[in-house]
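Residue-level listing of the chains:
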Amino acid sequence: MKVGDLMARRKTLKLSTPEEVRKAISRIANMVLNGEIDPKAANTLLYACNAALSAVRTDEYRRKVEELEILLMDQEKAGE
């Protein structure tokens, strides 16, 4: 197998948003059902999806906390 053949076969999963993770999980499940991927490999990918989803949620919570802190500071300044 040539290097070019390997590059042509490379696949990626987008895992930047909860929606992308959901689509990736669905894609992986379909691949297992169709015999396109070994269940152990699928389990590894699903583990990665779970880790990515956890990181995305953490980022979302951090962003919300920062927004709330700004709102609170604005209210405190307005009340002075």
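Everything here concerns the structure above.
How each quantity is defined
Residues numbered from 1 in each chain as written. Predicted model: local features only at pLDDT ≥ 70, side-chain atom pairs only at ≥ 80, totals over all residues. Heavy atoms only, no water. Core = buried A, V, L, I, M, F, W, Y, C linked by side-chain atoms within 4.5 Å. Buried < 20%, exposed > 50% of the residue type's maximum accessible area, 1.4 Å probe, protein only. Helix = DSSP H or I, 4+ residues; strand = E, 2+ residues; numbered from the N terminus. Contact = heavy atoms within 4.5 Å. Expected span 1.5 Å × (residues − 1). Arc of directions from axis to C-beta.

(A) Main features of the nonpolar core. Core analysis: the largest hydrophobic core is formed by seven residues, namely V21, A24, I28, I37, A42, C49 and L53. At the level of elements, helix 2 (18-33) and helix 3 (39-79) are the ones that each hand at least two residues to this core. With residues near it in sequence (within four places) discarded, C49 still touches L15, V21, A24, I25 and I28.

(B) Focus on helix 2. In a regular helix each residue adds 1.5 Å, so 16 residues correspond to 22 Å; helix 2 covers 23 Å between its end C-alpha atoms and thus fits that length. Of all the positions in helix 2, only V21, A24 and I28 are classed as buried. One face of helix 2 carries all of its buried residues, which in axial projection span an arc of 60°. Across helix 2 from its buried face, at more than 90 degrees, point the exposed residues R22, K23 and L33. Where the residues of helix 2 are buried, they touch helix 3. G35 lies just past helix 2 and shows a positive phi near 70°.

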